[in-house]
Amino acid sequence: MTGNALKLIAVAAMLIDHAGVVLVERGLGRGSWSGLDFLLRTIGRTAFPIFCFLLVEGFLHTRDVRKYEARMLAFAIISEVPFDLAVFGKWFYPEYQNVYFTLFLGLCVLDGFRKASGRPARQALAILAGCMAALAVRCDYDIIGIFMILAFYMYHDNKRLRFLLAGGLAFLESLGYFGAALSAFIPIHMYNGRRGEKNLKYFFYCFYPAHLLLLYLIGLMIQEYLYAR
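Here the structure is a predicted model, which means the values were calculated and not measured. (Residues numbered from 1 in each chain as written. Predicted model: local features only at pLDDT ≥ 70, side-chain atom pairs only at ≥ 80, totals over all residues. Heavy atoms only, no water.)

Looking only at helices and strands, the chain has ten helices and zero strands in total. Sequence-ordered secondary structure for the chain, helices as α and strands as β, is α-α-α-α-α-α-α-α-α-α. At 18 Å, the chain has a C-alpha radius of gyration in line with the 17 Å of a compact globule built from 229 residues. Put simply, of all contacts in the chain between residues at least 6 apart along the chain, 71% involve residues at least 24 apart. Here the chain has roughly 11,800 Å² of accessible surface; of this, 66% comes from carbon and sulfur atoms. Averaging the coordinates of the 23 positive side-chain charges in the chain and doing the same for the 16 negative ones gives two points 7 Å apart. (Helix = DSSP H or I, 4+ residues; strand = E, 2+ residues; numbered from the N terminus. Rg over C-alpha atoms; globule rule 2.2 N^0.38 Å. Contact = heavy atoms within 4.5 Å. Areas by Shrake-Rupley, 256 points an atom, 1.4 Å probe, with all protein chains shown as cover. Lys, Arg positive; Asp, Glu negative; His and termini not counted. Charge placed at Lys NZ, Arg CZ, Asp CG, Glu CD.)

Written as structure tokens, this is what we have:
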């Protein structure tokens, strides 16, 4: 399975997850729709571990980590208004930040961790700084996200330990959904190390804010329809 195939799986799971949040929870209201919401959110747990895995793959193969970090931060900022509108119904909601901030901070931790190779104290400081930053900005998945990214990096070549550590974190993160995030490790295990024929990098970057904005608009239409009845 190529990197593009993994991304498509993660994007599909993310879309399903956010449909549950925006269209069911905020649009229809849980109530009698709670079963559908739970199903959509359970399927959606697959997305984040795959994104963490692909972030590490990108880190290991990029020629310019600084550009990678800058691109991740840029899309984190671009995505914040669509994220706040879709999830919280507000233009600006400082209490919770989108997942691009988590991925950006995880990338910074990996950069600092690798540069401090052979110096455990500095490596620990890089991890601590990333975790504190994740808590400070209140980003999606916060500390668990940082440690999951780190686990994928540290045990990149050891599939058993990678599954035990990153999989254990994925299970804890999705405990309320019967540990459904573990399902992400099936396609991850099938990864063949190749990107795929087409370079779809910017499609995947742009899809995140675009689909959130679209779901927000659809959610508004659902709410208007329900109120008009």
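So that's the structure; there's more coming.
Let us now look at the nonpolar core. Core analysis: the biggest nonpolar cluster contains 64 residues, and Met72, Tyr100, Met148 and Phe152 have the highest contact counts within it. When residues in this core are grouped by element, the largest group, ten residues, is from helix α5 (residues 99–115). Apart from residues lying up to four places away in sequence, methionine 72 is in contact with Leu55, Tyr100, Leu103, Phe104 and Tyr205. (Core = buried A, V, L, I, M, F, W, Y, C linked by side-chain atoms within 4.5 Å. Buried < 20%, exposed > 50% of the residue type's maximum accessible area, 1.4 Å probe, protein only.)

So, about the packing of helix α3 (residues 47–61) against α5. For any two helices packed against each other, one specifies the crossing angle of their axes together with the interaxial distance. Between α3 and α5, the least distance of the axes is 11 Å, while the angle of their chain directions is 40°. One element, α3, and the other, α5, form an angle in the oblique class. Crossing angle aside, the handedness with which α3 passes α5 is right-handed. For the pair α3 and α5, the contacting residues are Phe48, Phe51, Leu55, Val56 and Phe59 in the first and Val99, Thr102, Leu103, Gly106, Leu107, Leu110, Asp111 and Arg114 in the second. (Axes fitted to C-alpha atoms, helices over the stretch in contact; angles between N-to-C directions. Parallel < 35°, antiparallel > 145°, perpendicular 65-115°, else oblique. Left-handed = near helix turned anticlockwise from the far one by under 90°.)

Our next topic: the state of the cysteines. The full count for this structure, using the stated rule, is zero disulfides. Cysteine 139 takes part in no disulfide bond, and the closest cysteine sulfur to it belongs to cysteine 131, at a distance of 9.8 Å. (Disulfide = S-S within 2.5 Å.)

What follows is about the packing of helix α1 (residues 3–28) against helix α4 (residues 65–88). Following both chains from N to C, one finds α1 and α4 inclined at 35°, their axes separated by 8 Å at the closest point. Within the contact between the two elements, α1 uses Val21, Val22 and Arg26 and α4 uses Leu85, Ala86, Val87 and Phe88. Of the residues in the contact of α1 with α4, the class split is six nonpolar, no polar and one charged. (Nonpolar A, V, L, I, M, F, W, Y, C, P; charged D, E, K, R; others polar.)

Another aspect to go through is unusual backbone geometry. Positive phi is not limited to glycine here, since tyrosine 141 has a value of about 70°. As for its position among the elements, tyrosine 141 is in the loop between α6 (120–137) and α7 (142–154). Its identity as a non-glycine residue notwithstanding, phenylalanine 178 has a phi of 60°, on the positive side. Along the chain, phenylalanine 178 turns up in the loop between α8 (159–173) and α9 (185–189).

So, about the pattern of salt bridges. Across all of its chains, the model carries eight salt bridges by this definition. Notably, a salt bridge pairs aspartate 17 with arginine 45, separated by 2.6 Å at the nearest N-O pair. In this pair, aspartate 17 sits in helix α1 while arginine 45 sits in the loop between α2 (34–44) and α3, placing the two residues 28 residues apart along the sequence. Taking relative accessible area as the criterion, aspartate 17 reaches 7% and is therefore assigned buried. The partner of arginine 41 in a salt bridge is glutamate 25, with the nearest N and O atoms 3.2 Å apart. Of this pair, arginine 41 sits in helix α2 while glutamate 25 sits in helix α1, and the two are 16 residues apart along the sequence. Three or more residues are tied together by salt bridges with common partners; here these are Asp17, Glu25, Arg41, Arg45 and Glu173. (Salt bridge = Lys/Arg side-chain N within 4 Å of Asp/Glu carboxyl O.)

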